[in-house]
Amino acid sequence: MSGLLVNIGLIGAGGITHVHIPAWLALGARVTVFSLEGGAEVAAQYGITAVGSLDELLDACDVVDICTPTPTHYRLAERALRAGKHVICEKPIALHPADAAALAELAAFVGKQLHPAHVVRYFPEYALARGAVAAGTIGEPAILRFSRIGEFPTWASWFADEEQSGGIVLDQMIHDLDIARWIAGEVTEVYAVKSVGDGCETAQVVLTHESGALSYVTGVWGAPGTTFATSFSIAGSTGVLKHDSRADASLRFDLGAPVAGTQSMRPDTSLGESPYLSELRDFAAATLGGPAPRVSLADATRAVELAAAANASIASGRSESVVREAVGA
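Residues numbered from 1 in each chain as written. Predicted model: local features only at pLDDT ≥ 70, side-chain atom pairs only at ≥ 80, totals over all residues. Heavy atoms only, no water.

*Asks:* How should I be thinking about the packing of helix H1 (residues 17-26) against helix H2 (residues 39-46) in this particular structure?
*Replies:* Axes are the key here: two packed helices are described by the angle between their axes and the distance separating the axes. Packing of H1 against H2 brings their axes to within 11 Å, and their N-to-C directions diverge by 40°. As summarised for this structure, H1 and H2 are arranged oblique, according to the angle between their axes. Pair H1 / H2 crosses with right-handed handedness. Of the residues in H2, those touching H1 at His18, Ile21, Pro22 and Leu25 are Val42, Gln45 and Tyr46. Partitioning the contact of H1 with H2 into residue classes produces five nonpolar, two polar and no charged. (Axes fitted to C-alpha atoms, helices over the stretch in contact; angles between N-to-C directions. Helix = DSSP H or I, 4+ residues; strand = E, 2+ residues; numbered from the N terminus. Parallel < 35°, antiparallel > 145°, perpendicular 65-115°, else oblique. Left-handed = near helix turned anticlockwise from the far one by under 90°. Contact = heavy atoms within 4.5 Å. Nonpolar A, V, L, I, M, F, W, Y, C, P; charged D, E, K, R; others polar.)

Listed below in structure tokens is the structure:
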């Protein structure tokens, strides 16, 4: 960030703020927080400033970081953009595709940046997998499988209300919908099923890519105490990439005969930099005139569209076409 100080106005005091605030402080940013509840406590914990209104926050910052529940994202992002601020927003940027598109139009109209916090693109194992596929390490990707498992988020009632959260697909699985498209390319069709019962929720989404590759994305909100875990398997014409967080944090290559340069590609990501720090550094640099981050506003709007199509498929029992004439890279 070239030693430049960024004034961050962070909205919210929930769990995600406890990774955003330390990252901002590590980057040398000045952080001001506003929240309807818990703002003073968060400010005291981190030695930052709390203000009593959104107007005060907007007056105190250059960049707004939205760390609030999903149903508030659209309204807060719109307010910040109209106030002339760059915006960083936790995923999803909006509940509905039309709202996501409206925010993109507004950001372009006011000439400000809106960065979506799809942090999984910054987890080393996913970034390495994308790079390996792009380099042709496993040939043409054919079958991709992604899973994300955790306990049902009972700590806030809005998660269980699909009208507010979008359910497991929009809240949790949007990460892997985005990653599948990032790795295997644009999507043309979505089919999904979901099961709900005994305080648990599971869903599977099948994405058909323009290339003909298929991605199977599984999400689980399990019983209390369910251990959070992620995994993926990416099978191509000449090999397979595998990752399972329950085994270790590395990326495994199954390529048959050894391929030069691949045997050392198994980093211990548990000792690496926080993906949240990497993500926010990218966003801050972009607002200061630096390069575009690895996740774009077009990516975020497309992810909302894919999640909405999956929910529509669950409701209808049919596949949903998501063909678009042009989608941002």
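*Asks:* Please clarify how the pairing of strand E4 (residues 63-66) should be interpreted in this entry.
*Replies:* In summary, the side chains of a regular strand alternate between the two faces of the sheet. Neither face of E4 is exposed, since Val63 and Asp65 on one face and Val64 and Ile66 on the opposite face are all buried. Bridge count between strand E1 (residues 7-11) and E4: four bridges; the pairing is parallel. Counterpart to Gly9 in the pairing with E4 is Val64. The pairing of E4 with strand E5 (residues 86-90) spans four bridges and is classified as parallel. The partner of Asp65 across the bridge, within E5, is Ile88. Handedness of the E4-helix H4 (residues 73-82)-E5 crossover: right-handed. (Buried < 20%, exposed > 50% of the residue type's maximum accessible area, 1.4 Å probe, protein only. Pairing = 2+ DSSP bridges. Right-handed = clockwise from strand over helix to strand, strands pointing away.)

*Asks:* Where do I start with the sheet that holds strand E3 (residues 49-50) in this structure?
*Replies:* Remark on secondary structure: sheet strands pair via backbone hydrogen bonds, oriented parallel or antiparallel. Ordered by their spatial adjacency, six strands build an open sheet running E3-E2-E1-E4-E5-E6, and the pairing between neighbours is parallel. The sheet is open, and its two borders are formed by E3 and strand E6 (114-117), each paired with just one other strand.

*Asks:* Got a minute to help me understand the state of the cysteines in this structure?
*Replies:* In protein chemistry, a disulfide is the covalent bond that joins the sulfur atoms of two cysteines. Counted by the stated rule, this structure contains zero disulfides. Cys89 supplies the cysteine sulfur nearest to Cys67, a cysteine that is in no disulfide, at a spacing of 8.4 Å. Looking at Cys67, the relative accessible area reads 6%, which means it is buried. (Disulfide = S-S within 2.5 Å.)

*Asks:* Would you explain the pattern of salt bridges in this entry?
*Replies:* Once their charged atoms are close, side chains differing in charge can pair, the charge on each being opposite to the other. For the structure shown, the criterion picks out 15 salt bridges. Two residues, Arg181 and Asp299, come together in a salt bridge whose shortest N-O distance is 3.1 Å. Here the residue Arg181 occupies a position in helix H8 (residues 167-184), and Asp299 occupies one in helix H10 (residues 297-316), the gap between them amounting to 118 residues. Neither residue differs from the other here; Arg181 and Asp299 are each classed as buried. For the salt bridge of Arg302 with Glu186, the shortest nitrogen-to-oxygen distance reads 2.9 Å. Of this pair, Arg302 sits in helix H10 while Glu186 sits in the loop between H8 and strand E8 (187-197), and the two are 116 residues apart along the sequence. (Salt bridge = Lys/Arg side-chain N within 4 Å of Asp/Glu carboxyl O.)

*Asks:* What am I meant to see in the side chain of Thr287 here?
*Replies:* Residue placement: Thr287 occurs in helix H9 (residues 275-287). When its relative accessible area of 14% is taken as the criterion, Thr287 is described as buried. Only 2.7 Å separates the side chain of Thr287 from the backbone oxygen of Ala284, close enough to count as a polar contact. Here Thr287 is in contact with Val63, His86, Gln113 and His115, once residues within four sequence places are set aside. (Polar contact = N/O pair within 3.5 Å; in protein donor to acceptor, adjacent residues only side chain to side chain.)

*Asks:* What's the story with the nonpolar core in this structure? I'm lost.
*Replies:* Core analysis: the biggest nonpolar cluster contains 64 residues, and Phe146, Val190, Val205 and Ile234 have the highest contact counts within it. Looking at which element gives the most residues to this core, the answer is H8, with eleven residues. Apart from the residues lying within four places of it in its own chain, the contact partners of Ile234 are Ala129, Val133, Ile138, Pro141, Ile143, Leu144, Ile183, Gly239, Val240 and Leu241. Core analysis: the next-biggest nonpolar cluster, separate from the first, contains 23 residues, Ala23, Val42, Ala43 and Leu280 among them. (Core = buried A, V, L, I, M, F, W, Y, C linked by side-chain atoms within 4.5 Å.)

*Asks:* Help me understand the packing of aromatic side chains, please; the structure alone is not making it clear to me.
*Replies:* In this description, a pair of aromatic rings is defined by centroid distance and the angle of the planes. Under the counting rule described, the total for this entry stands at six aromatic pairs. A centroid spacing of 4.0 Å and a plane angle of 25° characterise the contact between Trp158 and Phe159, whose relative ring orientation is stacked. With 6.4 Å between their ring centres and 90° between their planes, Phe159 and Trp221 make a pair best called edge-to-face. With a gap of 62 residues between them, Phe159 in the loop between strand E7 (141-151) and helix H7 (162-165) and Trp221 in strand E10 (residues 214-222) connect regions that are remote in the sequence. Both residues of the pair, Phe159 and Trp221, count as buried. A connected cluster of aromatic rings, assembled from ring pairs, spans Phe152, Trp155, Trp158, Phe159 and Trp221. The positively charged end of Arg145 is found above the aromatic ring belonging to Tyr216, 4.8 Å away from the centroid. Across from the ring centre of Tyr122, 4.2 Å away, lies the NZ or CZ of Arg294, which sits over that ring. (Phe/Tyr/Trp six-rings, centres within 6.5 Å; stacked < 30°, edge-to-face > 60°. Lys NZ or Arg CZ within 6 Å of the ring centre and 35° of its normal.)

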